[in-house]
Amino acid sequence: MCPTHALGPDASRVLRGRVLLVAAPLFAPMPSAVFFRPASFSLKSLVLAASVSGLLFANGLHVPEAHAAQTPQTTQTATKAASAKKTSTKKAAAKKTSAKKTSAKKTKRSAKRTSLRRRTGAAPSQAMLAGLRKTEDPLALGSSVAYVIDQDTGEELVVKNADIPLPIASVTKLMTALVIAESDLPLDGKVRITREDYVRSNATSKLRNGMTMTREALLKAALVSSDNRAAHALARTYPGGKKAFVRAMNEKAEALGMTSSFFADPTGLDNRNHSSARDLGKLVSAVYEYQTIRTASTLPSARVIGDPSWKIGIQKTGFTTAAGRCMVVQSEVGERRLVMVVLDSPDNTQRALDMRTMRTFVEAEEAFNRDFSNAVPYELF
């Protein structure tokens, strides 16, 4: 008997619809018993049916009708799955690309910050290269240079490397202010900012091309904000231009007896500008005589020492890589008017600390002198 016939009419119809490999010949006889009693299976029929099904399945040809009916839906589901997978892949790729761009931006910003640090402090200053930072002093100051002088008597109270000429950065602007104050130029005169005033610097400026300001406002900007464009505009609009202004700066330095000083530009960005602490003491005493400079230098927004007990008349800071951190201050300590200078401090904290240390030393010395002068000779022993 043909295997398909042994399965009954339903099974036979299923197998003939799916398989040609083992179908019975068209001329094979069809037993009537099989057709009329589909539910009656002999052991032999079941074995043959199982054999045929196993053979068809092994050859990958067994596809039930129920599954065949679901083929369009399965195909549609598979298409959707493939589309979703493709979309997911695209999103993943886009996310990866975005992550790479973000990483590249972060790397670029980090490199920029590193480059900026290198330009603004990582390199050694000229004083460090000269070994001045290692100089020992009784007050254990961290700055390479320190100097304190009594403005009225000329008595030098603290002296550390005070005669060595070094770059002074924006402290230069005190000489710029002095030249302007002693000129015949009206402080209420108008000055127009131009592209020429855009000097190369890492410092920011609020002054823009085309802005018009009074000379006094530019003077305040140069001293309070240490604005380089303001200082340059003052020099550029000086009679004879910037060259004549720089020449006037050096002539004034010579007149003040600043024998270790030289000026090459009005901003302090040029490292050829240099001076000694002793020379800067003379400069601070000179600018103190001008109320305009005192007022501009000591505005609340310009205060560099937060202690309100300091009675400050003049103050100016400066920083470049070559100069380190610098500061000059004119202040009253007790009954004395002092000019205090530090050059090449390692950082702003040390700079302020050295100023406080020198002031404390002067206050202690003044108290000692007062007590000593009032003591009866035998009490000293």
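A few points on the structure. What you see is a predicted model, and the numbers here were worked out from it, not measured in a lab.

1. Quick word on the overall build of the protein
Thought 1: If you tally the helices and strands in the protein, you get 14 helices and nine strands.
Thought 2: By the burial criterion, 39% of the 381 residues in the protein qualify as buried.
Thought 3: Considering only contacts within the protein whose residues lie at least 6 apart along the sequence, 62% involve residues at least 24 apart.
Thought 4: Here the protein has roughly 21800 Å² of accessible surface; of this, 56% comes from carbon and sulfur atoms.

2. Some remarks on the sheet that holds strand S8 (residues 324–333)
Thought 1: Spatially, S2-S1-S9-S8-S7 is the arrangement adopted by the five strands of the open sheet, whose pairing is antiparallel. This sheet does not close on itself; its edge strands, each paired only once, are strand S2 (156–160) and strand S7 (311–320). Looking at each pair of strands side by side, their axes are set apart by 10° on average, direction ignored.
Thought 2: Pairing geometry for S7 and S8, over nine bridges, is antiparallel. Following the sheet pairing, threonine 320 is matched in S8 by glycine 324.

3. Observations concerning the layout of surface pockets
Thought 1: By volume, the largest pocket amounts to about 780 Å³.
Thought 2: Contributing to the lining of the largest pocket are 34 residues, with Ser201, Ala203, Asn228, Leu269 and Phe319 lying nearest its centre.
Thought 3: The set of elements that each furnish at least two residues to the lining of the largest pocket consists of helix H6 (71–122), S7 and helix H14 (348–374).
Thought 4: Grouping the constituent residues of the lining of the largest pocket by class yields nine nonpolar, 17 polar and eight charged.

4. A word on the nonpolar core
Thought 1: By size, the foremost hydrophobic cluster in this structure holds 55 residues, and its most contacted members are Leu174, Met175, Leu218, Leu280, Leu283 and Val341.
Thought 2: With sequence-adjacent residues up to four places away left out, leucine 174 is seen in contact with Leu223, Leu283, Val284, Val287, Ile314, Lys316 and Val328.
Thought 3: By size, the runner-up hydrophobic cluster in this structure holds 17 residues, among which are Leu141, Ala146, Trp310 and Met327.

5. Topic: the packing of aromatic side chains
Thought 1: Throughout the structure, instances matching the rule amount to one aromatic pair.
Thought 2: Seen from their ring centres, tyrosine 238 and phenylalanine 245 are 5.2 Å apart, and the 80° between their planes marks the pair as edge-to-face. There is no split in this pair, since tyrosine 238 and phenylalanine 245 are both buried.
Thought 3: Sitting above the plane of the tyrosine 198 ring, arginine 229 keeps its charged end 3.7 Å from the centroid.

6. So, the environment of glutamate 289
Thought 1: Relative to the helices and strands, glutamate 289 resides in the loop between helix H12 (277–287) and helix H13 (291–297).
Thought 2: Placed 24 residues apart in sequence, glutamate 289 and glycine 313 show a C-alpha to C-alpha distance of 9.9 Å.

7. Some points on the side chain of serine 170
Thought 1: Relative to the helices and strands, serine 170 is located in the loop between strand S3 (166–167) and helix H8 (173–182).
Thought 2: For serine 170, a relative accessible area of 12% translates into the label buried.
Thought 3: Within the structure, the side chain of serine 170 is placed 2.8 Å from the side chain of lysine 173, a separation counted as a polar contact.
Thought 4: A polar atom in the side chain of serine 170 sits 3.0 Å from the side chain of serine 226.

8. Regarding the pairing of strand S9 (residues 336–345)
Thought 1: Most of S9 is tucked away, with nine of its ten residues classed as buried.
Thought 2: Pairing analysis gives six bridges linking strand S1 (residues 145–150) to S9, with the strands arranged antiparallel. Each residue of the ladder has a partner; that of alanine 146, found in S9, is valine 342.
Thought 3: Summarising the sheet, S8 and S9 pair through eight bridges and their orientation is antiparallel. The residue bridging glutamine 330 from the neighbouring strand is valine 339, located in S9.
Thought 4: As consecutive antiparallel partners, S8 and S9 are separated by two residues, and within that stretch glycine 334 has a phi angle of approximately 65°, a positive value.

Definitions and limits used
Residues numbered from 1 in each chain as written. Predicted model: local features only at pLDDT ≥ 70, side-chain atom pairs only at ≥ 80, totals over all residues. Heavy atoms only, no water. Helix = DSSP H or I, 4+ residues; strand = E, 2+ residues; numbered from the N terminus. Buried < 20%, exposed > 50% of the residue type's maximum accessible area, 1.4 Å probe, protein only. Contact = heavy atoms within 4.5 Å. Areas by Shrake-Rupley, 256 points an atom, 1.4 Å probe, with all protein chains shown as cover. Pairing = 2+ DSSP bridges. Axes fitted to C-alpha atoms, helices over the stretch in contact; angles between N-to-C directions. 1 Å grid on protein atoms, 1.4 Å probe; cavity = no way out; pocket = protein on both sides within 12 Å on 5 of 7 lines; lining within 4 Å. Points joined across faces, edges and corners; volume = space filled by probe spheres on them. Nonpolar A, V, L, I, M, F, W, Y, C, P; charged D, E, K, R; others polar. Core = buried A, V, L, I, M, F, W, Y, C linked by side-chain atoms within 4.5 Å. Phe/Tyr/Trp six-rings, centres within 6.5 Å; stacked < 30°, edge-to-face > 60°. Lys NZ or Arg CZ within 6 Å of the ring centre and 35° of its normal. Polar contact = N/O pair within 3.5 Å; in protein donor to acceptor, adjacent residues only side chain to side chain.

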